[in-house]
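# Understanding the architecture of this molecule
What follows is each chain in one-letter form.
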Amino acid sequence: MISYISTRGRSGEQGFEDVLLKGLAPDGGLFVPASFPSLSDGQLAGLSGKPYVDAATEIMVPFLGGAIGDSEFRALCAEAYGRFTHQAVTPLVQLDERLWILELFHGPTLAFKDVALQLLGLLFDHVLAKRAQRITVVGATSGDTGSAAIEACRDREAVDIFILYPAGRTSDVQRRQMTTVPSENVHAVAIEGTFDDCQALVKAMFADAPFRDDHALAAVNSINWARIMAQIVYYFVAAAALGSPRRKVAFAVPTGNFGDIYAGYVAGRMGLPIEKLIVGTNRNDILTRFFATAEMRKTTVVPTHSPSMDIQVSSNFERLLFDLLDRDAAVVTRTMDAFQSSGAFTVPPAAFTAATASFTAHAVDDRATEETIRDAFRAAGYTLDPHSAVGVAAARRAGLDPKIPIVVLATAHPAKFPEVVTGVTGVHPALPPHMADLFERAERLVTLPNDLKTVQRYVHQWARVGKARN
Ligand SMILES: *Cc1c(COP(=O)(O)O)cnc(C)c1O
């Protein structure tokens, strides 16, 4: 039976439901399985040609530890992935002799985060209904994560969601994806301030213990184990389609918080033969520097063409670090404390050797991103979004044996980033049919000042938990 432990070692052993609802471990660490389940070569070979929902069920069930019955879980997967507009859910498209694009953007908000969040919303509802509980999800977004979280939580019986975004500072597509959802439990809140103000408001709401507890505040951020779990699936599905386990495959992943590529690492730990995991970063290259020097060192964030990867610290990296340091939670805690206080840490030689055996990393600037988009458009008639282009460029720089196919994870639809794409190709990328009327839909939002009390009053007024007090 699977159980979960914290990378900081002081949260005991927890089951899947608690890990799902808590997100972050109580000791400040991240939850990981106490040991990884594995798939046999026969199971791997059997994935080829299976419907996505069947493969997803088979791969994820071992992580549930019996918390949800197999057929119930299969029904949740069928509902989550039934909302994707491609029959294959995450189809593979060939770009050239050895590069394959794994399109992860056929979900409701056209970004790969839907793959995990669509399932997460249903899992929350399922577990909360069983416990007769409700939660209030609050989050801040600079654009992308907010809409994926809203689509995940809309119409969920046990969930109300409030997403704070900076008024006038998101793209029109991003804003409309958040404000045109007609569901009663969805609240798009434009804050008169910056993204940092929104984040500070959310942090302050979580820090206000009575408010947090009264409203059962919850987050759907990228450190939730269930999100990683859902992302493991497409590594197996893509590799099986390309001949795994007979043939090794490499993956190139446009990386920000290290969640998506860490899921690939877990697939490897579960038995998938992976030649290499290629990290693609933009100019915010903290990870690329780490895989070159063994030192993780914070710098300031610069804006790029691939905004969802503009990060200073990759929060999921701690999960890999835990394994690199032989699962010694005391050493992980010391290392993360040092990182917190000094902005840097270095891993010992054995850990670095282990890291570079599995990973290689490449930083791709905006110019190279544009060139890669132009190239794919000219040579293959294929339109890449800027994030996916970082993955393609990193794959080409990795210098792997040309016989090894490389699967590049395409994390966003090009129509999400029309300015950059149109500037390079001269062709405006069209929104897919299910979103073609986005600009005709009615918007629903509230604009609030950058003031904690006002925002809390609004949340209290509309959340369905927390009516007892005040
Ligand atoms: C979130 C995101 C990423 C980065 O994924 P991580 O799991 O944070 O590494 C890459 N591309 C797009 C489009 C994203 O939205």
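Up top is the structure these notes are about.
Think of each chain on its own: its residues are numbered from 1, step by step along the sequence as written. Local features are withheld for residues below a pLDDT of 70 in this predicted model, meaning they are given only at 70 or higher, and side-chain atom pairs are given and counted only at 80 or more; totals for whole chains, interfaces and linings count all residues. Only hydrogens and water are removed before side-chain values are computed, so all heavy atoms of the structure are retained for them.

### Some words on the overall build of the chain
So the rule is basically this: Think of it this way: any DSSP run of H or I at least four residues long counts as a helix, any run of E at least two long counts as a strand, and we number them from the N terminus. Exposure is judged per residue with a 1.4 Å probe applied to protein chains only, and the accessible area is read against the type maximum: over 50% gives exposed, under 20% gives buried, and values in between give partly exposed. Only the protein chains shown count as covering a residue, and every accessible area follows the Shrake-Rupley method with a 1.4 Å probe.
Counting its regular elements, the chain contains 19 helices and 15 strands. Seen along its three principal axes, the alpha-carbon backbone of the chain occupies a region of about 65 × 55 × 50 Å. Taken over 470 residues, the chain has a buried fraction of 59%. In the structure as shown, the chain presents an accessible area of about 18,200 Å², 51% of it carried by carbon and sulfur atoms.

### Some words on the sheet that holds strand β8 (residues 217-218)
Where we set the bar: At least two bridges found by DSSP between two strands are what make those strands a pair. Here, residues are in contact when the closest pair of their heavy atoms is within 4.5 Å. Each axis is a line fitted through C-alpha atoms, and for a helix only the stretch in contact is used; angles between axes span 0 to 180 degrees, taken between their N-to-C directions.
Strand order in the open sheet made by the five strands is β8-β5-β6-β7-β15, with parallel pairing throughout. For this open sheet the edge positions go to β8 and β15 (446-449), each flanked by a neighbour on one side alone. Bridge count for strand β5 (residues 135-140) against strand β6 (residues 159-166) is six bridges, and the pairing is parallel. Along β6, the bridge assignment pairs Thr-136 with Asp-160. Packed onto the sheet, helix α7 (residues 172-179) meets β6 and β7 (186-192) and runs at close to 155 degrees relative to β6.

### Comments concerning the site of the ligand
Heads up, the condition is: Near, as used in this document, describes a residue that has one of its heavy atoms within 4 Å of the molecule or strand being considered. Pairs of N or O atoms are called polar contacts if they sit within 3.5 Å, as long as, within protein, a hydrogen donor faces a hydrogen acceptor (for residues adjacent in sequence, only side-chain-to-side-chain pairs). Residue polarity follows a fixed list, in which Ala, Val, Leu, Ile, Met, Phe, Trp, Tyr, Cys and Pro are nonpolar, Asp, Glu, Lys and Arg are charged, and the others, Gly among them, are polar.
Lining the immediate environment of the ligand, one finds 14 residues, of which Lys-113, Gly-256, Asn-257, Asp-260 and Thr-411 sit closest. The contact in question runs from an oxygen atom of the ligand to an N or O atom on the side chain of Lys-113, over 2.5 Å. One of the backbone nitrogen or oxygen atoms of Gly-259 is found 3.3 Å away from an oxygen atom of the ligand. For the ligand, the accessible surface in isolation is 390 Å², of which the surrounding protein chains cover 97%. Residues that form the shell around the ligand fall into these classes: five nonpolar, seven polar and two charged.

### As for the pairing of β7
Using the following cut-off: Place the viewer so that the strands point away; then a crossover is right-handed whenever the path from the first strand over the helix to the second strand goes clockwise.
The buried count for β7 comes to six of seven residues, which makes it a mostly enclosed element. Strand direction decides the pairing type here: β6 and β7, joined by six bridges, are parallel. From the neighbouring strand, Ile-163 faces β7, where its bridge partner is Ala-188. Handedness of the β-α-β unit built from β6, α7 and β7 comes out right-handed. Strand direction decides the pairing type here: β7 and β15, joined by four bridges, are parallel. Bridging across to β15, Ile-191 finds its partner in Leu-448.

### Quick look at unusual backbone geometry
For the bond from Ser-244 to Pro-245, the omega torsion is 5 degrees, close enough to zero to count as cis. Positive phi, normally seen in glycine, also occurs at Phe-258, with a value near 70 degrees. As for its placement among the helices and strands, Phe-258 is situated in the loop between β9 (249-254) and α11 (259-269).

### Observations regarding the packing of helix α4 (residues 70-82) against helix α5 (residues 113-131)
Stated precisely, the cut-off is as follows: Note on angle classes: values under 35 degrees are labelled roughly parallel, values over 145 roughly antiparallel, values of 65 to 115 roughly perpendicular, and the remainder oblique. Take the far helix as your reference; a near helix turned counterclockwise from it by less than a right angle gives a left-handed crossing, and one turned clockwise gives a right-handed crossing.
Closest axis-to-axis distance for the α4/α5 pair is 9 Å, and the angle between their directions is 135 degrees. The angle between α4 and α5 places the two elements in the oblique class. Crossing of α4 over α5 shows right-handed handedness. Facing α4, whose interface residues are Glu-72, Phe-73, Leu-76, Cys-77, Glu-79, Ala-80 and Tyr-81, α5 presents Val-115, Gln-118, Leu-119, Leu-122, Leu-123 and His-126. In the contact of α4 with α5, the residues fall into nine nonpolar, two polar and two charged.

### Examining the nonpolar core
Where we set the bar: We define the nonpolar core as a collection of buried residues of types Ala, Val, Leu, Ile, Met, Phe, Trp, Tyr and Cys that are connected through side-chain atoms lying within 4.5 Å of one another.
Core analysis: the largest hydrophobic core is formed by 117 residues, its most contacted members being Tyr-81, Phe-251 and Phe-317. Of all the elements, helix α10 (residues 225-241) adds the most residues to this core, at 13 residues. In contact with Tyr-81, other than residues within four places in its own chain, are Tyr-52, Val-53, Val-89, Val-115, Leu-119 and Ala-230. Listed in part, the 23 residues of the second largest apolar core include Leu-99, Ala-394, Leu-400 and Val-424.

### What about helix α6 (residues 144-153)?
Along α6, nine of the ten residues are buried, which leaves the element largely enclosed by surrounding structure. Buried within α6 we find Asp-144, Gly-146, Ser-147, Ala-148, Ala-149, Ile-150, Glu-151, Ala-152 and Cys-153. Tucked into the core, α6 has its buried residues touching α5, β5, β6, α7 and β7. Two residues or fewer after α6 comes Asp-155, characterised by a positive phi angle close to 65 degrees.

### Regarding the pattern of salt bridges
Going by this rule: Salt bridges, as used here, are contacts in which a Lys or Arg side-chain nitrogen is within 4 Å of a carboxyl oxygen on Asp or Glu.
The final tally for this structure, using the stated rule, is 27 salt bridges. When the shortest N-O distance is used, the salt bridge between Arg-131 and Glu-17 registers 3.2 Å. Highlighted residues: Arg-131 in helix α5 and Glu-17 in helix α1 (residues 16-22), separated in sequence by 114 residues. Overall, Glu-17 belongs to the buried group, its relative accessible area being 15%. It is possible to trace a salt-bridge network through shared partners that takes in Glu-17, Asp-18, Lys-22, Lys-130 and Arg-131.

### Some details on the state of the cysteines
Basically, it comes down to this: Here, a disulfide means two cysteine sulfur atoms that sit within 2.5 Å of each other.
A complete count under the given rule lists zero disulfides for this structure. Cysteine Cys-153 shares no disulfide, and the gap to the nearest cysteine sulfur, in Cys-77, comes to 17 Å. Its relative accessible area of 2% is what places Cys-153 among the buried residues.

### Focus: the sheet that holds β9
With mixed pairing, the six strands of this open sheet are ordered in space as β3-β4-β14-β9-β10-β13. One side of each edge strand has no neighbouring strand; the edge strands of this open sheet are β3 (92-94) and β13 (359-363). Put simply, the sheet's adjacent strands are angled 25 degrees from each other on average, direction ignored. Against the sheet, helix α15 (residues 349-358) touches β10 (274-281) and β13, its axis set at about 75 degrees to β13.

### Structural notes on the side chain of Thr-136
Turning to its location among the elements, Thr-136 is positioned in strand β5. A polar contact is formed between the side chain of Thr-136 and the backbone oxygen of His-215, at a distance of 2.7 Å. When near neighbours in sequence (up to four residues on either side) are disregarded, Thr-136 contacts Asp-160, Phe-162, His-215, Ala-216, Leu-217, Ala-218, Val-459, Ala-463 and Val-465.

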